[in-house]
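Chains, contacts and geometry: an overview
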Amino acid sequence: MNIVIETDIGHDSDDLQVLATLLKLVNDGNVNLLYVSCVSGNNNARAHLANWLIDCVGMNVPVFSTPILTEWKGRKVDLCTMINEYHHDSDINAYVHRGEKVYDDSRILQDAELKKKILQQHRNVRVMIIGPGVDYSPYMSAIASVHSVYYQGVYNDRSSFNIGADWESYQSATRFFQDKSIPQYYVGRNIAYQTRLTQKMIHDLCERCTRVDLHAIFQLGIAIYRDLDRNMFNQVNFSVSSPGESIIQTLSPVILEKLEAFSESNDKHVELYDALTCSSLSSLWFDSLPALTPMYDITCFHLLYFLKDDNTHPFYSVESIGDHIFTVKCITQPHIEYMEFIFNFYKDVCDFL
């Protein structure tokens, strides 16, 4: 199976998990990863992070830093956490920056023509788009090589970050793929909530890794979202507002049903106080999470990897919503069975790491 990925790796944790999974499958001979393309903003840093993980497992995969598109000029550069620059200090139970940056810019590729040449040398290439700011031109120039395209986002939905962030480019590309009868698959809303590993599962997976700090990948990746809106993060993940903050009434009814406003007279809330308020470099909040945040990029990978030729899937309900346009609507297996599958699947990945 030939695969390329367009990723904003470093923006959260599951882009790194997707890359780690692909590298494991490459090692097993099940996947041919043609290249990794880093998109969004701050793309050289993202490319360094991708190269770091590839180096950790002793492999060699071309990594591109995609130039920022014209329509992105003037936008705030997306955050990218260089997880490899941190180490865990057990005395304070927190991550500390090493105080050094070691980059090798000579390894980073930027030539879109080289992408096109790589694509043209292969057939039946599956393109996985799990980040915004994609340069679609290499795929449009090597369309005979493209088997299918997989998006982490909702079809034609401007509110989906990866799609709406570069709306004009996306619109042109998806119409082009449709005109060329290239199947396009989309991860629907709320599907990834079935991927929330429990804290016990997280601990087990982290213990299996010997070459990378999976705990750091999880915590420092998720920390970006925690820092963007601490109150929302606490309400979604701990079912309680931050001390002194109000409940966000625009959250989904499922979340609102369980939400409580922080109260000093509630022993459970008081017990959570430090986890709700501590620095995101502290591991206290992460180790207190009842479950990992949803992993949409992992869901997109599962859609790609386990999809059968007849468009059936062992875990997802795949529905046609237009000519060569498909979306994932729901999980077909019971929730606990799917969770066990994910857990066992990533045990093998973590043993590789």
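Residues numbered from 1 in each chain as written. Predicted model: local features only at pLDDT ≥ 70, side-chain atom pairs only at ≥ 80, totals over all residues. Heavy atoms only, no water.

**Brief notes about the side chain of Q219**
Its place among the elements puts Q219 in helix α8 (residues 214-228). You can call Q219 buried: its relative accessible area is 0%. Residues contacting Q219, with those up to four places away along its chain left out, are Y95, S280, L281, S282, S283, W285 and F286. (Helix = DSSP H or I, 4+ residues; strand = E, 2+ residues; numbered from the N terminus. Buried < 20%, exposed > 50% of the residue type's maximum accessible area, 1.4 Å probe, protein only. Contact = heavy atoms within 4.5 Å.)

**Considering the layout of surface pockets**
To find the voids left in a structure, one rolls a probe of water-molecule size over its atoms. Roughly 1,600 Å³ of internal volume is contained in the largest pocket. Taken together, 42 residues line the largest pocket, and the ones lying closest to its centre are N190, Y193, V236, P294 and Y296. Here the lining of the largest pocket takes five residues from helix α9 (residues 230-238), the largest share from any one element. (1 Å grid on protein atoms, 1.4 Å probe; cavity = no way out; pocket = protein on both sides within 12 Å on 5 of 7 lines; lining within 4 Å. Points joined across faces, edges and corners; volume = space filled by probe spheres on them.)

**Section: the sheet that holds strand β2 (residues 32-38)**
What the eight strands build is an open sheet, ordered β3-β2-β1-β6-β7-β8-β10-β9; its pairing is mixed. Two strands lie at the open edges of the sheet, namely β3 (63-65) and β9 (316-322), each paired on one side alone. Pairs of neighbouring strands in the sheet enclose a mean axial angle of 20°, with direction left out of account. Sheet analysis places strand β7 (residues 146-151) next to strand β8 (residues 184-187), joined by three bridges and oriented parallel. (Pairing = 2+ DSSP bridges. Axes fitted to C-alpha atoms, helices over the stretch in contact; angles between N-to-C directions.)

**Re empty space enclosed by the protein**
All told, the structure shown has two cavities of 30 Å³ or more when counted by the stated rule. In this structure, the largest cavity occupies an estimated 90 Å³ of space. As for the largest cavity, its lining consists of 14 residues, of which Q17, L214, F218, Y346 and C350 are closest to the centre. Broken down by secondary-structure element, the contributors of at least two residues to the lining of the largest cavity are α1 (14-27), α8 and α14 (335-352). Examining the composition of the lining of the largest cavity, we find that four residues originate from one element, α1, more than from any other. Space inside the second largest cavity adds up to approximately 40 Å³. Every residue along the wall of the second largest cavity is listed here: F64, S65, T66, P67, Q110, D111, A112, K115 and D135. Split into classes, the residues belonging to the lining of the second largest cavity amount to three nonpolar, three polar and three charged. (Nonpolar A, V, L, I, M, F, W, Y, C, P; charged D, E, K, R; others polar.)

**Focus on the pairing of strand β4 (residues 86-89)**
The sheet contact formed by β4 and strand β5 (residues 94-97) spans four bridges and is antiparallel. Bridge pairing in β5 places H87 opposite V96. Turn length for the β4-β5 hairpin, with the two strands adjacent in sequence and antiparallel, is four residues, and the turn residue N93 shows positive phi of about 50°.

**Description of the environment of I298**
By the element assignment, I298 lies in helix α13 (residues 296-306). What makes I298 buried here is its relative accessible area of 0%. For the pair formed by I298 and T174, sequence separation is 124 residues and the distance between their alpha carbons is 22 Å. If near-sequence neighbours (up to four positions away) are discounted, I298 is found in contact with D14, Q17, V18 and Y346.

**As for a nonpolar patch on the surface**
Where nonpolar side chains cluster on the molecular surface, the patch consists of L79, Y225 and L228 and spans about 310 Å² of accessible area. Within the element layout of this structure, L79 appears in the loop between β3 and β4. You can call L79 partly exposed: its relative accessible area is 46%. (Patch = residues over 30% accessible without salt bridge, like charges linked within 9 Å, V, L, I, M, F, W, Y side chains within 5 Å. Areas by Shrake-Rupley, 256 points an atom, 1.4 Å probe, with all protein chains shown as cover. Salt bridge = Lys/Arg side-chain N within 4 Å of Asp/Glu carboxyl O.)

**Considerations on the packing of α1 against helix α2 (residues 43-56)**
Contact geometry for α1 and α2: axes closest at 10 Å, N-to-C directions at 35°. Of the two possible hands of crossing, α1 and α2 adopt the one that is right-handed. Here L16, L19, A20 and L23 of α1 come into contact with α2, specifically with L49, A50, L53 and I54. The residue makeup of the contact of α1 with α2, split by class, is eight nonpolar, no polar and no charged. (Left-handed = near helix turned anticlockwise from the far one by under 90°.)

**Details of the pattern of salt bridges**
In the structure shown here, the tally under the stated rule is eight salt bridges. Between R107 and D55 there is a salt bridge whose closest N-O contact spans 2.7 Å. Of this pair, R107 sits in the loop between β5 and α3 (112-120) while D55 sits in helix α2, and the two are 52 residues apart along the sequence. With a closest N to O distance of 3.8 Å, E168 and R158 form a salt bridge. Here E168, found in helix α6 (residues 167-179), pairs with R158, found in the loop between β7 and α5 (161-164); they are 10 residues apart in sequence, far enough to count as distant.

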